[in-house]
Amino acid sequence: MHHQQMITTSPRGLREDILPFRLYQKAKKLGVWDPRDIDLSQDVQDWAKLTPRQQEGTVRLIAQFQAGEEAVTLDLLPMMMAIARQGRLEEEMYLTTFLFEEAKHTEFFRLVLNALGVRDDLSVYHSSTYRTIFYEILPETMQRLLHDDSPEALADASVVYNMFVEGVLAETGYWSFHNSLAKNGLMPGLMKGIAYLKQDESRHIGYGTFLLQRLVAENPALFDRIQAKLMELAPLAMALNQEGLADDDPSDPLAVDETELMNFSAKQLQLRLEKIARAKDRSLDELYRIPEDQLGVL
Ligand code: FE2
Ligand code: MN
């Protein structure tokens, strides 16, 4: 593929006003925290006081995040390549920060595990539901973009990666950390990292929402496909929640409430769909100018 023209030496220049470029600017300020600067000494002390069962519940959640961050780091590139092939320079510039942030998230959880002295094979916590999502659906859907950047392929990728894995699974995971460790004042270093992660992820999900809105505005029939895809994935989120609770003792102060957890996940799904649906009655130009806060960007 040859370049037809260079964007930044054309009269067009960079479109500094559009959402992806504003996310890029935001990421350069907020996405530069260093996982190695987070003090985990109190976490190590708190960890030693947890019961073996509490430790296991915490390691299970960390093990899911650890491999999840690794998977999203490995699987983002095909999307970046597809966006670059389409000459969407501002979007690609934003995506460079996205990939850097996922790398830091991967580093962060490994630092936590190292500090806690956890060196076991944590794949025992990757249930068949987890493997279906992270070992199969996510890489397959993303790798399709290596040879296919049709609106359908891009929509599927963003639904799986941004809406489902980030928007539903990761958000539910943060909720669980908050309602177990943070609620009990435990492991402040881990929680500090999670606060940074959540902020980074709000930009990632914001970009995905923008991308899907753009695709729907260009091709309204795609909305039904997006909705169907999310509905097809929903039972996997519920199964994953269920498995996470299976070994919990409901009377344990670190245990999360099953109904609240399920409701939280279901609400995230609904929220994502509502935001994408708004693209139906907006012009493409309006979508490019959408303020970050309307996409939930922190
Ligand atoms: Fe991440
Ligand atoms: Mn992310």
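Just above sits the structure.
Residues numbered from 1 in each chain as written. Chains lettered and ligands numbered in written order. Predicted model: local features only at pLDDT ≥ 70, side-chain atom pairs only at ≥ 80, totals over all residues. Heavy atoms only, no water.

**Here we look at the environment of isoleucine 38**
To keep things clear, this is the line we draw: Per the convention used, a helix needs a DSSP run of H or I reaching at least four residues, while a strand needs a run of E reaching at least two, with both numbered from the N terminus. Only protein chains enter the area calculation, which uses a 1.4 Å probe; residues under 20% of their type maximum are buried, those over 50% are exposed, and those in between are partly exposed. Throughout, a contact is declared for two residues whenever any of their heavy atoms are within 4.5 Å.
Structurally, the position occupied by isoleucine 38 is in the loop between helix 1 (19–30) and helix 2 (41–49). We classify isoleucine 38 as buried; its relative accessible area is 10%. Each C-alpha atom of the pair isoleucine 38 and threonine 51 lies 24 Å from the other, and the pair is 13 residues apart in sequence. With residues near it in sequence (within four places) discarded, isoleucine 38 still touches Trp33, Phe108, Gly189, Lys192, Gly193 and Tyr196.

**Overview of the nonpolar core**
To keep things clear, this is the line we draw: By nonpolar core is meant a set of buried Ala, Val, Leu, Ile, Met, Phe, Trp, Tyr and Cys residues that side-chain atoms within 4.5 Å join together.
Of all hydrophobic cores here, the largest spans 61 residues; its most connected members are Met79, Leu138, Phe164 and Tyr207. The element contributing the most residues to this core is helix 7 (residues 151–180), with 12 residues. In this structure, methionine 79 is in contact with Met142, Leu145, Ala157, Ser158, Asn162, Tyr207 and Leu211, ignoring residues within four places of it in sequence. In terms of nonpolar packing, the next biggest core, distinct from the first, is built from 29 residues, Trp33, Leu50, Ile62 and Leu190 among them.

**Describing the coordination of the manganese ion (ligand 2)**
In a perfect tetrahedron of four donors around a metal, the angles come out at 109.5 degrees. In a perfect octahedron of six, they are 90 or 180 degrees. Inclusion rule: Here the term donor refers to an N, O or S atom within 2.8 Å of the metal (or 3.2 Å for Na, K and Ca), and because water is left out of the atoms, sites may appear incomplete.
Looking at the manganese ion (ligand 2), the protein donor atoms are Glu102 (OE), Glu166 (OE), Glu201 (OE), Glu201 (OE) and His204 (ND1), and they sit 1.7 to 2.4 Å from it. Taken in chain order, the donor set of the manganese ion (ligand 2) reads E-x63-E-x34-E-x2-H. Between the two metals, the manganese ion (ligand 2) and the iron ion (ligand 1), the spacing is 3.4 Å, and glutamate 102 donates to both. Here the residue glutamate 102 occupies a position in helix 5 (residues 89–116), and glutamate 166 occupies one in helix 7, the gap between them amounting to 64 residues.

**Here's the deal with the coordination of the iron ion (ligand 1)**
Selection criterion: Note on geometry labels: four donors, all angles 85 to 135 degrees, give tetrahedral; four donors become square planar and six octahedral when opposite donors are over 155 degrees apart and every other angle is between 65 and 115; remaining cases are irregular.
Surrounding the iron ion (ligand 1) are the protein donor atoms Glu69 (OE), Glu102 (OE), His105 (ND1) and Glu201 (OE), at 2.0 to 2.3 Å. Here the iron ion (ligand 1) is ringed by 4 donor atoms whose angles at the metal span 86 to 155°, and the overall shape comes out irregular. Along the chain, the residues donating to the iron ion (ligand 1) are arranged with the sequence spacing E-x32-E-x2-H-x95-E.

**Things to note about the packing of aromatic side chains**
Formally: We call Phe, Tyr and Trp rings a pair once their centres come within 6.5 Å, taking the six-membered ring for Trp, and we label the pair stacked below 30 degrees between planes, edge-to-face above 60, and tilted otherwise. Here, over-ring charges are defined by two tests on the NZ atom of lysine or the CZ atom of arginine: distance to the ring centre within 6 Å, and angle to the ring normal within 35 degrees.
Tallying each qualifying case throughout the model produces 14 aromatic pairs. Ring plane angle 10° and centroid distance 4.8 Å describe the contact between tryptophan 33 and tyrosine 196, whose orientation is recorded as stacked. Of the two residues, tryptophan 33 is situated in the loop between helix 1 and helix 2 and tyrosine 196 in helix 8 (residues 188–218); the sequence distance between them amounts to 163 residues. The exposure class of tyrosine 196 is partly exposed, given its relative accessible area of 28%. The interplanar angle of 20° and the centroid separation of 5.2 Å between the aromatic rings of phenylalanine 65 and phenylalanine 109 together place this pair among those described as stacked. Of the two residues, phenylalanine 65 is situated in helix 3 (residues 52–75) and phenylalanine 109 in helix 5; the sequence distance between them amounts to 44 residues. Across the pair, phenylalanine 109 and phenylalanine 65 agree in class, each one buried. Joined through ring pairs, the aromatic side chains of Trp33, Phe65, Phe108, Phe109, Tyr174, Phe177 and Tyr196 make up one cluster. Lying across the ring of tyrosine 288, arginine 15 places its NZ or CZ 5.1 Å from the centre.

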